[in-house]
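# What the coordinates show
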Amino acid sequence: MTFEENKHVRLFGYSLVLDKSKRIFKDSIALPSQVSEITGICAYLDNGTEHGCHGYLSLYNEKSNEQIINTLRIANDKGNFNDKLVYVANFPNKNNISYTFELGKVVDKIQPLKLVVLIQYKEAI
């Protein structure tokens, strides 16, 4: 990718503190209006020092129901963004993203549990 192609790539972050008494979560991620193409997704869980905490994430275009990611296993590993980035090519057409997240069995009940989704996108010029 040349510098000119890369110059309008941005990053959007979504995070949500999860209720540990539930196992399945469904919600919507409101994207910024200038998103023209989603090029990558990086997701992880934050449960403090409990590194066995994991779950499964699926992402969809909210209006067309087009699947962006099907059942990505995410964990509390705090790995490097570039190592965890999943490349996708999705054109949301000013739609939001909906997700389904299923929590695994290992969760530290004392420390807060947070789902973090980082979305790499190209801006509309």
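Owing to the predicted nature of the structure, the values given are computational and were not obtained by experimental measurement. (Residues numbered from 1 in each chain as written. Predicted model: local features only at pLDDT ≥ 70, side-chain atom pairs only at ≥ 80, totals over all residues. Heavy atoms only, no water.)

### Section: the sheet that holds strand S8 (residues 114-123)
One open sheet accounts for four strands, arranged S1-S8-S3-S6; its pairing is antiparallel. At either end of the open sheet lies a strand with only one pairing partner, and these are strand S1 (9-17) and strand S6 (86-90). The average undirected angle you get between the axes of adjacent strands in this sheet is 25°. In terms of strand pairing, strand S3 (residues 35-46) meets S8 through ten bridges, oriented antiparallel. (Pairing = 2+ DSSP bridges. Helix = DSSP H or I, 4+ residues; strand = E, 2+ residues; numbered from the N terminus. Axes fitted to C-alpha atoms, helices over the stretch in contact; angles between N-to-C directions.)

### With respect to the sheet that holds strand S5 (residues 67-75)
If you trace the four strands from one edge of the open sheet to the other, you get S2-S7-S4-S5, paired in antiparallel fashion. Edge positions in the open sheet fall to strand S2 (24-29) and S5, since each of these has one partner strand only. Ignoring strand direction, the axes of neighbouring strands in this sheet form an average angle of 20°. Of the pairings in the sheet, the one linking S2 to strand S7 (residues 97-103) comprises six bridges and is antiparallel in character. Paired with Ser28 across the two strands is Ser98, which belongs to S7.

These figures come from the coordinates and say nothing about function on their own.
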